[in-house]
Amino acid sequence: MAENKIKITLVKSTIGVLQSHKATVEALGLKKIGQSVIKEDNATTQGMIAKVAYLLKTERV
């Protein structure tokens, strides 16, 4: 079975958001607006995305 991947892009600034949300974005590997990373689509990643979904854009790869 092939591993599912998800592309995550930071589309809004983390200025003024909760410290825990900033830490979550950084834990996903995102630092700058417009930066994208490709991660495995699992429960851990989905939980992190759900927490800061208002800052991100996601798409299946």
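As shown above, the structure is provided for reference.
Note that residues are indexed from 1 along each chain, following the sequence as it is written. In keeping with the predicted nature of the model, local features appear solely for residues at pLDDT of at least 70, side-chain atom pairs appear and are counted solely at 80 or more, and the whole-chain, interface and lining totals rest on all residues. Heavy atoms from the whole structure form the basis of all side-chain values; hydrogens and water molecules are not counted.

## Some points on the overall build of the protein chain
- The number of helices and strands found in the protein chain is 2 helices and 3 strands.
- In this text, helices come from DSSP runs of H or I with a minimum length of four residues, and strands from runs of E with a minimum of two, each type numbered from the N-terminal end. For the protein chain, the N- to C-terminal ordering of α and β elements is β-α-β-α-β.
- Over its C-alpha atoms the protein chain spans a radius of gyration of 11 Å, differing by no more than 12% from the 10 Å that the globule rule assigns to 61 residues.
- Counting only C-alpha atoms, the protein chain reaches 40 × 20 × 15 Å along its principal axes.
- Burial classes follow relative accessibility: with a 1.4 Å probe on protein chains only, a residue under 20% of its type's maximum area counts as buried, one over 50% as exposed, and anything between as partly exposed. Taken across its 61 residues, the protein chain has 26% of its residues classed as buried.
- Contacts: residue pairs with any heavy atoms within 4.5 Å of one another. Of the contacts formed within the protein chain by residues at least 6 apart in sequence, a portion of 70% connects residues at least 24 apart.
- The protein chains shown are the only cover counted for residues, whose accessible areas, like all others here, come from Shrake-Rupley with a 1.4 Å probe. Carbon and sulfur atoms form 53% of the exposed surface of the protein chain, whose accessible area is close to 4,200 Å².
- Under this rule, positive means Lys or Arg and negative means Asp or Glu; His and the chain ends count for nothing. Think of each charge as sitting on NZ of Lys, CZ of Arg, CG of Asp or CD of Glu. Each charge class in the protein chain was averaged separately, 10 positive and 5 negative side chains, and the resulting centres sit 10 Å apart. What the globule rule says is 2.2 Å times the number of residues to the power 0.38, and the radius of gyration is computed from C-alpha atoms.

## As for the pattern of salt bridges
- Any carboxyl oxygen of Asp or Glu that lies within 4 Å of a side-chain nitrogen of Lys or Arg is treated as forming a salt bridge with it. Per the counting criterion, the structure on display carries 1 salt bridge.
- One salt bridge connects R60 with D41, and the closest N-O pair in it is separated by 2.0 Å. Taken together, the residues span a long stretch of sequence, with R60 in strand β3 (residues 56-60) and D41 in the loop between β2 (36-40) and α2 (43-51) at a distance of 19 residues.

## Focus: the nonpolar core
- Throughout, nonpolar core names a set of buried Ala, Val, Leu, Ile, Met, Phe, Trp, Tyr and Cys residues whose side chains join them through atoms within 4.5 Å. Counting residues in hydrophobic clusters, the biggest one holds 12 residues: I6, I8, L10, V17, V25, L28, L30, V37, I49, V52, L55 and L56.
- It is strand β1 (residues 5-10) that contributes the most residues to this core, 3 residues altogether.
- Excluding residues that lie within four positions of it along the chain, V37 makes contacts with I6, K7, I8, L28, G29 and L30.

## Considerations on the side chain of H21
- Considering the arrangement of structural elements, one finds H21 in helix α1 (residues 19-27).
- For H21, a relative accessible area of 13% puts it in the buried group.

These figures come from the coordinates and say nothing about function on their own.
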